[in-house]
Structures are given as structure tokens and as C-alpha cells.
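This is what each chain is made of:
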Amino acid sequence: MTKVWTTRTTVLQLSDYFSAWNKYVSEQQAELPYEKEYVYKICYRYIEEHAAAGEWLEIKPGIRVCWGRSGHLLGSVWLMLEADGRRIFFSGDYTSESVLLAADTPSWPVSAEAAKAQFKDSWMDMVIADAAYGTDSEDNRPS
């Protein structure tokens, strides 16, 4: 059975998301791209129960992940994945300005020299950033 790594907070929201998706597909007179019973067969693993934010966790031999809260939505996280000697960083909308939601700062080397010393060739091989609000210049911190 495939395991889906996520946060417990995200899983608590999924029932509402699946219901909304089912309703939308029905209203479009379309078919779901999966059988409904598969939703109940998903095996979730809660990342926060296996490693604290900012700690590396080996999820399979040769595959490690480091995570942290992104401050965007309940349950949202950024991820660093490491496999085959390569690292990928992914984050959706990250904000450290939220007064309601916590955000964990990714641990970056302090300089290019530190990155080379610690990680040999490169610190990050790829960065994927979904920044839906990237052009907004508003400051969300309380004034």
C-alpha cells in the first residue's frame, strides 16, 4: 500500500476537500479520476510524528526529507528532499509574517563557502516555489 506523507492537520481537512471535489465533478457532469473507495484506502504517515521541523528523516533507504511549517495555511509545509546525492526544495506560499500561523525558517548555509564545505558540489540542486502571491508587496505584520 502506498503511504502518503503529510501533516495530521492536513488530513483533518481532507474530508471537506474530497466532498467539495466530488460536488464540483458532479456539477460538471464529469467523472472522478479515481474510484471513491480508494480515498478510504489511503495510508497516511504524519511527518511531525517522525521528525521535528528542521530535522532530517529517512523515509526510505536513500531518501531523506526535512520539513517545516510554511505559515500559509493550517498544515502547509515546505520540504527539502534528498535522494541519490541530490537535494530539492519545495514550498508553496511561505510567509513568516502571519500572526496566526507558525512558520519554520529553512536551514540554509550562511555562505557559499559553508555550502561547499558541507555539501560538496551544491547546496540545492533544484528549488520549486509556488508563489501565488509573489507580486504582492503588502506587509502582513501588525503595525
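Right above here is the structure, for reference.
Residues numbered from 1 in each chain as written. Predicted model: local features only at pLDDT ≥ 70, side-chain atom pairs only at ≥ 80, totals over all residues. Heavy atoms only, no water.

Novice: Describe the overall build of the protein chain, and please don't skip the residues or the numbers.
Specialist: The number of helices and strands found in the protein chain is 3 helices and 7 strands. Shown N-terminal to C-terminal, the secondary structure of the protein chain runs as helices and strands in the order β-α-α-β-β-β-β-β-α-β. Residues classed as buried in the protein chain amount to 22% of the 143 residues present. Pairs at least 24 residues apart make up 52% of the contacts formed inside the protein chain by residues separated by at least 6 positions. Here the protein chain has roughly 10600 Å² of accessible surface; of this, 52% comes from carbon and sulfur atoms. (Helix = DSSP H or I, 4+ residues; strand = E, 2+ residues; numbered from the N terminus. Buried < 20%, exposed > 50% of the residue type's maximum accessible area, 1.4 Å probe, protein only. Contact = heavy atoms within 4.5 Å. Areas by Shrake-Rupley, 256 points an atom, 1.4 Å probe, with all protein chains shown as cover.)

Novice: Go over the side chain of S91 with me, naming the residues and quoting the values.
Specialist: Relative to the elements of secondary structure, S91 occurs in strand 6 (residues 86-91). The exposure class assigned to S91 is buried, which follows from its relative accessible area of 4%. Apart from the residues lying within four places of it in its own chain, the contact partners of S91 are W78, I128, A129 and D130.

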